[in-house]
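# Fold and contact review
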Amino acid sequence: MWIDLKNHATRVADRRIEELFADDSRAQTYSTTALGMLFDYSKTQIDADVMDTLIALAKASEVEARRDAMFRGDKINETEGRAVLHTALRNLDGGAIEVDGADVMPEVLGTLDRMEALAEEIRAGDITDVVNIGIGGSDLGPVMGVLALAPYHDGPRCHFVSNVDGADIADTLRGCDPEKTMFIVASKTFTTIETMTNARTAKAWLADKGVSEEGRFVALSSNVDGAGAFGIPAERVFGFEDWVGGRYSMWGPIGLSMMIAIGGAAFRAFLRGGQAMDRHFQAAELHENLPVLLALVGIWHNQGMGYASRAVLPYDNRLMRLPAYLQQLEMESNGKGVAMDGSDLAVQSGPIVWGEPGTNGQHAFYQLIHQGTAVVPCEFLVAAQGHEQDLKHHHQLLVANCFAQSEALMRGRTLDEARAKVAGKFEGDELERQARHRVFPGNRPSTTLIYDQLDPEILGKIIALYEHRVFVEGVILGINSYDQWGVELGKELATALGPVVTGDASAADKDGSTQQLVSFFLRHNA
Ligand code: F6P
C-alpha cells in the first residue's frame with residue numbers, strides 16, 4: 001500500500017491544488033466539524049483515490065483494534081512492557097480501567113482530589129511564586145498550558161526552570177521572594193540530572209536566604225522513594241504510574257502548576273476537553289475522525305509526498321509554546337527508524353516539527369515557506385474568538401492573516417502576474433529579472449484547525465487531538481510511539497564527560513574533535 005501512496009504522489013505531482021476547487025463541494029468533502037472545531041484539509045492534494053489508500057492503510061495497520069487495545073490498558077508499549085493510559089488521567093466520569101487486573105481509577109481520581117486540595121490551599125495562601133522544576137514532558141506541557149490559559153490565570157505566578165544551564169534558575173529566582181516561593185520538583189523518574197541539579201540549587205537558595213525548606217517543596221513523580229530520599233515527605237508527593245509517558249503526562253500530577261495557576265475547576269474543564277476528544281476518537285468513523293484525519297494528512301505529506309517537515313503555525317499568540325510541546329510529543333514519539341518488531345522501518349520516520357505563532361513567523365521564516373525549494377506543509381490553528389473584547393479589530397486582522405497565508409500558499413503568483421506587478425517600474429530584461437523574483441510557485445499544502453475560543457476545554461481537545469494523531473501515525477508506521485531509546489546515548493556520554501570537563505579524567509580516549517573542544521574549554525574556563 002505504501003507503493004500505492006507513492007504512485008498517487010507521482011500522479012498528482014503536476015496538478016494544481018487550486019483546480020481541485022472546481023468541484024464546489026471540495027471544501028466540505030475534505031473537512032470535518034466535531035467538538036466545536038473545524039478541521040479543513042481541502043488545501044492539499046488529497047483526492048478520493050488518495051483518501052481511499054490512506055483509509056486502507058489505516059485499516060491494514062489495524063488502527064481501530066490498536067486504539068481499543070490502548071484504551072483497554074493492554075501493554076501496547078511493547079519494548080518497555082507497559083500499558084499506555086494517559087487517557088485514564090482524564091477519564092473523569094468514565095468506568096473502571098484495569099491494569100494487571102486492578103482498576104486504576106480510584107487512585108487516579110484520589111490523586112486528582114489531593115492535587116486540587118493542595119492547589120486551592122496554595123491559591124488561598126501567601127505564596128506568590130511557584131517554580132516548576134522539570135524538563136521535557138515534566139516541563140513542556142505545563143509551561144505550554146499556563147501560557148495558553150493566561151486569561152484564566154488567577155493564582156500565583158508560575159515559573160518554569162528546565163535547563164541545566166545555571167542561567168535558567170538564576171534568572172528565575174532573581175525575581176522571587178524566598179519567603180513566598182515554593183518549588184514543584186516534577187520528574188517521572190526523579191533521576192533526571194537537569195532536574196535534580198536544579199532542585200538541589202533551589203534547596204541551597206532557600207538555605208542561603210535563611211528560609212526553612214519545610215512545606216516549600218512538592219514532588220510529582222512515579223518514584224515516590226526517590227522523592228522521599230530528596231527530603232520531600234510522602235504527603236507532598238503526587239505519584240503516577242509507569243503507564244503515563246512523560247510527554248503525555250500533563251493531565252495528571254505533572255499538571256499541578258497549571259492547576260495552581262487556573263484553579264481546580266478550570267483544570268477539570270481541561271480534562272473534560274481531553275476526555276471528549278477520547279470519546280470522539282473511539283467512536284467516530286475513520287473518515288470523520290479528527291485524530292485519524294490529522295494522522296492521514298501527516299502520512300500523506302511525509303511518507304507519500306516526501307515532505308520531511310511540517311510547520312505548526314498557531315494564529316493564537318498564547319499557543320506560543322505549542323510547537324515546542326509538539327516537537328517532543330511528535331518527534332520523541334515517532335522519530336524512530338526501527339519498527340516494533342525490531343526490523344528497519346520501511347518508510348521515512350515521523351516528521352520534523354517546528355513553528356512559531358503567526359503573525360510573527362510571517363516576518364521571519366515564511367519567506368522560505370513561500371519561495372524556498374523545500375515544500376513545508378503548514379498546519380494553521382486559529383480561534384474564531386479572542387478573549388480581548390475591546391480589541392476585536394486585532395483579532396480580525398489576525399484571522400485575515402491566517403486565512404491569507406493558506407490562500408497564498410496554495411495560489412502562488414504566476415510569472416505573468418508578477419510581470420504585471422512590476423510593469424511600469426522596469427523594462428526589458430530588468431523587468432523580466434525583477435518579475436522572476438516575485439513569482440510564488442504556490443501549490444503548497446496546508447490545513448487549518450479553527451475552534452471557538454482558546455478556553456481550558458478547547459485546549460484539552462487540541463492536546464488530546466495531537467496525542468491521538470501521534471498514536472495513529474505511529475501505528476501506521478509500525479513503530480512504538482511510547483519509548484525513547486534515542487535519548488539514552490547522549491545522556492550516557494554526558495555522564496562520562498562529567499569528570500573530563502572538571503579536569504578529573506583524561507579525554508585521551510575521545511575522538512580528535514572532542515579532545516580539541518575539551519582542551520579549549522579547560523584553557524578558557526577559569
Ligand atoms: O530525556 C527524555 C526524557 O526521558 C523525556 O522522555 C522525559 O519527558 C524527560 O526526559 C524528563 O524525564 P523525567 O520526568 O523522568 O525527569
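Residues numbered from 1 in each chain as written. Predicted model: local features only at pLDDT ≥ 70, side-chain atom pairs only at ≥ 80, totals over all residues. Heavy atoms only, no water.

Per an unreviewed UniProt entry, the protein is named Glucose-6-phosphate isomerase, and its organism is Pelagimonas phthalicica. Turning to the protein, the UniProt annotation filed under Catalytic activity (unreviewed entry) states: "alpha-D-glucose 6-phosphate = beta-D-fructose 6-phosphate". (UniProt positions renumbered as here; feature names shortened; annotations may be inferred.)

With that out of the way, let us pick up the pairing of strand S8 (residues 217-221). Burial runs high along S8: 5 of the 5 residues are buried. Of the two faces of S8, both are covered, the one formed by Phe217, Ala219 and Ser221 as well as the one formed by Val218 and Leu220. Sheet analysis places strand S7 (residues 181-186) next to S8, joined by 4 bridges and oriented parallel. By the bridge assignment, alanine 186 is partnered in S8 with leucine 220. Judged from the 3 bridges that link them, S8 and strand S9 (residues 237-239) form a sheet pairing that is parallel. The residue of S9 that forms the bridge with serine 221 is glycine 239. (Buried < 20%, exposed > 50% of the residue type's maximum accessible area, 1.4 Å probe, protein only. Helix = DSSP H or I, 4+ residues; strand = E, 2+ residues; numbered from the N terminus. Pairing = 2+ DSSP bridges.)

Next up on the list: the UniProt feature "active site" (unreviewed entry) in the protein. According to UniProt, the feature "active site" (unreviewed entry) maps to Glu332, His363 and Lys491 in the numbering used here. An extended arrangement is adopted by the annotated residues: their sequence extent is 160 residues, and the largest C-alpha distance between any two is 36.5 Å. Other than its neighbours up to four places away in sequence, glutamate 332 contacts Arg247, Gln327, Asp483, Gln484 and Val487. Polar side-chain contacts of glutamate 332 include one of 2.8 Å to the side chain of arginine 247. (Contact = heavy atoms within 4.5 Å. Polar contact = N/O pair within 3.5 Å; in protein donor to acceptor, adjacent residues only side chain to side chain.)

Once that is clear, we can look at the site of the ligand. In the neighbourhood of the ligand, 13 residues make up the surrounding shell, with Ser138, Ser187, Thr189, Thr192 and Glu332 lying closest. Within the side chain of lysine 491, one N or O atom sits 3.2 Å away from an oxygen atom of the ligand. Burial of the ligand by the surrounding chains reaches 87%, relative to a free accessible area of 390 Å². Each residue belonging to the shell around the ligand can be placed in one class, and the counts come to 2 nonpolar, 8 polar and 3 charged. (Near = heavy atom within 4 Å. Areas by Shrake-Rupley, 256 points an atom, 1.4 Å probe, with all protein chains shown as cover. Nonpolar A, V, L, I, M, F, W, Y, C, P; charged D, E, K, R; others polar.)

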